[in-house]
Every structure is written in C-alpha cells, then in structure tokens.
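The lines below spell out each chain.
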Amino acid sequence: MSDNKDIHEEDLNPQDDLSQNTAEETNENMTAEPSSEDLLADEKDRYIRLFAEFENYKKRTTKEKMEFFQYANQDMMISMLDVLDDFERALKEIAKNGNEADLKGVELIYQKFKNKLSDKGLKPMTVNAGDDFNVDFHEAITQIPAPTPELKGKIVDVIETGYQLADKVIRFAKVVTGN
C-alpha cells in the first residue's frame, strides 16, 4: 500500500514540475528576446568599435609607410659609410705627405659626398673623449686602464665615427673605454 502512495505522490509531482517549467520558459523567453533599444545599442557599439579599429589601422599603415620611405635607403647608406671612412683616411694620409692641390681636390669631393649623404638624413654622432659611455650609441672595442681617475668608465678614444639615419642608429661609434 505504501507503494501505491508513492506512485500517487509521483503522479502529483509532474504537474507541479510542468507549472514550474512553463514559468521558467516564460522567464527565458522574456530575457532571450531583446528590445529594439538593446539591439540598436549593440549595433551602435559594434559600429563605434569597428570605426575606431579602422582609424587605428589607417594611422598604423600611414606611420609604417612614412617609416618605410624614411629608412628605405638605409642599406645603401650603410654601404656608403665605408666609402666615407676611406675618404677620411685618405685625407689624413694626403695631409701628412701629399701636396696641397691633391688635398684640396679630395677634400672637395669628400665634402660634396658628405653633404649629399646628410641631405638624405645621415647624421654623424659627435663623440668626444671624456663623454659617458652609452650602450645605445657606442660600441666598446676594448678597455684600457684609465689615464686619469675622471676617465674611469668613460670614453678614452674614438676609433670609428657612429652615424644615425633620421634618429635611428645605423652604425654605433666604436670607442675605447677606461676602467
């Protein structure tokens, strides 16, 4: 008899479950169907984000294009630095034991070449003995004992001039530091 009672109670419970399920479904239906204002707000938000993303894309590509044009001749400039160094070495040697006419001719060509490179954005770095060593601009070739205590950790001698192409270092200045 207790089994019959349990079955009876089970029969009553499904009706209660049905009423609870319909109440839940109506709540779900109410939340599942957004209003037109919500849809409009979502679409407006999507549009604003898409527009902002597109503006960022335009700015980024414009910046990349400008950098490309600015540094397009970087490889050529780097290869020309060797010629510039050769000119400087030749000027020193001609000044030591050459005649004045040869020196003036080579200096004229050297200045013209240097001016053309500087017109394209090449700038020599000014590095002097006694300046602080900066790894962003200098490359230490070797360290020697500092001749004076104030040159300890500073540049003692400049071996090779460093160059920048529009604020970007294309060749570090090769220096000797004191320790």
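Structure first, text after, so check above.
Calculation rules
- Residues numbered from 1 in each chain as written.
- Predicted model: local features only at pLDDT ≥ 70, side-chain atom pairs only at ≥ 80, totals over all residues.
- Heavy atoms only, no water.
- Axes fitted to C-alpha atoms, helices over the stretch in contact; angles between N-to-C directions.
- Helix = DSSP H or I, 4+ residues; strand = E, 2+ residues; numbered from the N terminus.
- Parallel < 35°, antiparallel > 145°, perpendicular 65-115°, else oblique.
- Left-handed = near helix turned anticlockwise from the far one by under 90°.
- Contact = heavy atoms within 4.5 Å.
- Salt bridge = Lys/Arg side-chain N within 4 Å of Asp/Glu carboxyl O.
- Phe/Tyr/Trp six-rings, centres within 6.5 Å; stacked < 30°, edge-to-face > 60°.
- Buried < 20%, exposed > 50% of the residue type's maximum accessible area, 1.4 Å probe, protein only.
- Pairing = 2+ DSSP bridges.
- Core = buried A, V, L, I, M, F, W, Y, C linked by side-chain atoms within 4.5 Å.

*Asks:* An account of the packing of helix α3 (residues 74-97) against helix α4 (residues 100-119) is needed here, citing residue identities and associated values.
*Replies:* Taken N-terminus to C-terminus, the directions of α3 and α4 make an angle of 155 degrees; their axes are 10 Å apart at the nearest point. Here α4 runs roughly antiparallel to α3, going by the angle between their axes. The interaxial crossing formed by α3 with α4 has left-handed handedness. Of the residues in α4, those touching α3 at Met77, Met80, Val83, Leu84, Phe87, Glu88, Leu91, Ile94 and Ala95 are Asp102, Leu103, Val106, Glu107, Ile109, Tyr110, Phe113, Lys114 and Leu117.

*Asks:* Could you give an account of the environment of Phe113, naming the residues involved and the relevant values?
*Replies:* By secondary structure assignment, the location of Phe113 is in helix α4. The spatial distance from the C-alpha of Phe113 to the C-alpha of Val83 is 9.5 Å, given a sequence separation of 30 residues. Excluding its chain neighbours within four sequence positions, the residues that come into contact with Phe113 are Met80, Val83, Leu84 and Phe87.

*Asks:* Kindly report on the pattern of salt bridges, identifying the contributing residues and their values.
*Replies:* Under the definition given, this model contains ten salt bridges. Asp85 is the salt-bridge partner of Arg171, the closest N and O atoms lying 2.6 Å from each other. Residue Arg171 is found in strand β5 (residues 168-171), and its partner Asp85 is found in helix α3; the two are separated by 86 residues along the sequence. One salt bridge in this structure joins Glu160 and Arg171, with 3.8 Å as the shortest N-O distance. Residue Glu160 is found in strand β3 (residues 155-160), and its partner Arg171 is found in strand β5; the two are separated by eleven residues along the sequence. Connected via shared salt-bridge partners are Asp85, Glu160, Arg171 and Lys174.

*Asks:* Break down the packing of aromatic side chains for me, with residues and values.
*Replies:* For any pair of aromatic rings, the description rests on two quantities: the centre-to-centre distance and the angle between the ring planes. Tallied over the full model, the rule gives five aromatic pairs. Where Tyr47 meets Phe51, the ring centres are 6.3 Å apart and the plane angle is 25 degrees; that geometry is what we call stacked. Here Tyr47 and its partner Phe51 are both found in helix α2 (residues 36-71), four residues apart, which amounts to about one turn of the helix. Here Tyr47 falls in the exposed class, since its relative accessible area comes to 54%. Using a relative accessible area of 45% as the deciding quantity, one classes Phe51 as partly exposed. In textbook terms, an aromatic cluster arises when at least three aromatic residues are bridged by ring pairs, as seen for Phe87, Tyr110 and Phe113.

*Asks:* Any chance you could break down the side chain of Thr177 for me, citing the residues and the numbers?
*Replies:* Structurally, Thr177 is set in strand β6 (residues 173-178). With relative accessibility at 5%, the residue Thr177 sits in the buried group. Discounting chain neighbours no more than four positions away, the residues touching Thr177 are Phe133, Ala140, Thr142, Gln143, Ile144, Lys154, Ile155 and Val156.

*Asks:* Residues and numbers for the sheet that holds β6, please.
*Replies:* Ordered by their spatial adjacency, three strands build an open sheet running β2-β6-β3, and the pairing between neighbours is mixed. Of all strands in the sheet, those with a lone pairing partner are β2 (138-144) and β3, marking the two edges. Pairs of neighbouring strands in the sheet enclose a mean axial angle of 30 degrees, with direction left out of account.

*Asks:* Before we move on, can you summarise the nonpolar core with the specific residues and values?
*Replies:* One finds Met77, Leu81, Leu84, Leu117, Leu122, Tyr163 and Ile170 to be the most contacted residues of the largest nonpolar core, which totals 15 residues. Looking at this core, the elements that each hand over two or more residues are α3, α4 and β4 (163-165). The leading source of residues in this core is α3, at six residues. Among residues more than four places away in sequence, those in contact with Leu117 are Met77, Met80, Leu84 and Leu122. Counting residues in hydrophobic clusters, the runner-up holds five residues, among them Met125, Ile155, Ala173 and Val175.

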